Amino acid sequence: MFAILALLIGIGLGIWLEPSLPTGLTSYLPIMIVAALDALFGALRAWFDGTFSDRVFAISFFSNVLIAALIVFIGDQIGVGSQLSTAVVVVLGIRIFTNAAAIRRAIFHA
Amino acid sequence: MKRRAVRGDSDRPVAWSMDILRQIRESAVDPDYAAVGKGKHASAGRWRLPLVAVGLVLGMVVAMQGWYTYKASPDAASEHDQLVSRIRAADKTNDDLRAQQVALGDEIASLQKRQADTTTQAQLDAQGGVSGGIAVTGPGMVVVVDDAEGTNAARVTDEDLRQLVNGAWQAGAEAITINGYRVTARTAIRSAGSAITVDYRSLLRPYRIEAIGDPRTLPARFANTPGGAWWADAKNNYGLSYDVTTSSSLTLPADPGLTVTTARKS
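Predicted model, so just to flag it, every value in this text is computed and none were measured.

Student: Help me understand the overall build of chain B in this model?
Tutor: When helices and strands are tallied, chain B shows seven helices and eight strands. Residues classed as buried in chain B amount to 24% of the 266 residues present. A sequence separation of at least 24 residues applies to 79% of the contacts in chain B between residues at least 6 apart.

Structure, rendered in structure tokens:
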């Protein structure tokens, strides 16, 4: 409940803050979003497995987002930023699909 | 200090460490969920704040990126339009300055006419036509060339235009323009990027070459020069469009760039 409220507030904040978004941050946001999605799907699957823990969710969410940003940052420093972004998206994409498939099996038993 | 066991590391075949795809799929859900949260669905009050933070960050990041992408697309388009209009404006300024230069050149010529005696004037007129220093009128030949039809088709290159112009000189043309730019002994026909330039002014296709000379003999003689052969070949083998006609009256402007820059009166 609180989390959903916070989500709405976050969306509002994001739109309100966007004009001040520094240009250096724009390459990190997409990767951070993919990492966040990965954490979300992981949490959803854990929920269906009956093992959800908000502590693990919060920690995995923030560590995922931070590490994704860090990898892109390091990639930018050594000149392979876009390639590393692609690598992160591929790995996280596989995880998201795997989790989504498990969730689908849990809901539809198919 | 209690050492934490690294899950499943010891009883795993070595080859698995290279099996990265399988590893990604098998640990798709954070293993800590299994370790910590067995059967606990209700939120413990302590973890409500991090969850709120998760929601805040997630909403903000997604909204920022979405809004940014939404706003960036018309930005790029308007930037492009702005650049195009700036190029057009610069082109127009260029043309205006050139027209001014031509007008001033005409003024110089008329002042010269008033000063010089008749023999000097006759000399000036005769040499000005050949050198490109004055505008000339007369019958001649018009060659219109263009890129071949189709998306990946052959294009006219600067070398093609050089061959054409040299062929026209060889055939006896007395004055030549390309798309209205007078070609003189000092004119450079080159390419810059994908455009052909004449004296560093870029041309738009189709390319129209006007050459003053005897319209009865000029086309035939041109066809016999290496330039004419070059273009017959380009037309037949590469599909470039190449059209030769004659005209009873052509007016070619002067080259405004013909000034003495280094030489001095001794």
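Student: Can you help me understand the overall build of chain A in this one?
Tutor: Secondary structure summary: chain A contains four helices and zero strands in total. In chain A, the order of α-helices and β-strands from amino to carboxyl end is α-α-α-α. Buried residues in chain A amount to 35% of all 110 residues.

Student: Explanation requested: the pairing of strand β1 (residues 136-146) of chain B in the structure shown.
Tutor: For a regular strand, side chains alternate in direction, first toward one face of the sheet and then toward the other. Residue and element names in this part refer to chain B. In terms of strand pairing, β1 meets strand β8 (residues 241-252) through ten bridges, oriented antiparallel. Each residue of the ladder has a partner; that of V145, found in β8, is Y242. Taken together, the six bridges between β1 and strand β7 (residues 207-212) define a ladder with antiparallel strand orientation. In the strand pairing of β7, V143 is matched with I209.

Student: Is there a simple way to explain unusual backbone geometry in this structure?
Tutor: Note: most residues except glycine have negative phi, and most peptide bonds are trans. All names here are of chain B. Residues R205 and P206 are joined by a peptide bond in cis, for which omega reads 0 degrees. Tracing the backbone shows P206 in the loop between β6 (201-202) and β7. The phi angle at D199 is positive, at roughly 50 degrees, despite the residue not being glycine. In this structure, D199 sits in the loop between β5 (195-198) and β6. For D199, a count of 17 C-beta atoms within 10 Å translates into the label partly exposed. Phi at Y200 takes a positive value of approximately 70 degrees, unusual for a residue other than glycine.

Student: What's the story with the sheet that holds strand β2 (residues 175-178) of chain B in this structure? I'm lost.
Tutor: Remark on secondary structure: sheet strands pair via backbone hydrogen bonds, oriented parallel or antiparallel. All names here are of chain B. Read across the open sheet, the five strands follow the order β3-β2-β7-β1-β8; overall the sheet is antiparallel. The open sheet has two free edges, formed respectively by β3 (181-183) and β8, since each of these has just one partner strand. The mean inter-strand angle of the sheet, taken between neighbouring strand axes irrespective of direction, is 25 degrees. Relative to β3, β2 runs antiparallel, the two being bridged by three bridges. Bridge pairing in β3 places I176 opposite V183.

Each value, and the rule that gives it
Residues numbered from 1 in each chain as written. Chains lettered and ligands numbered in written order. Predicted model: local features only at pLDDT ≥ 70, side-chain atom pairs only at ≥ 80, totals over all residues. Helix = DSSP H or I, 4+ residues; strand = E, 2+ residues; numbered from the N terminus. Buried ≥ 20, exposed ≤ 12 C-beta atoms within 10 Å, placed from the backbone. Contact = placed C-beta atoms within 7 Å. Pairing = 2+ DSSP bridges. Axes fitted to C-alpha atoms, helices over the stretch in contact; angles between N-to-C directions.

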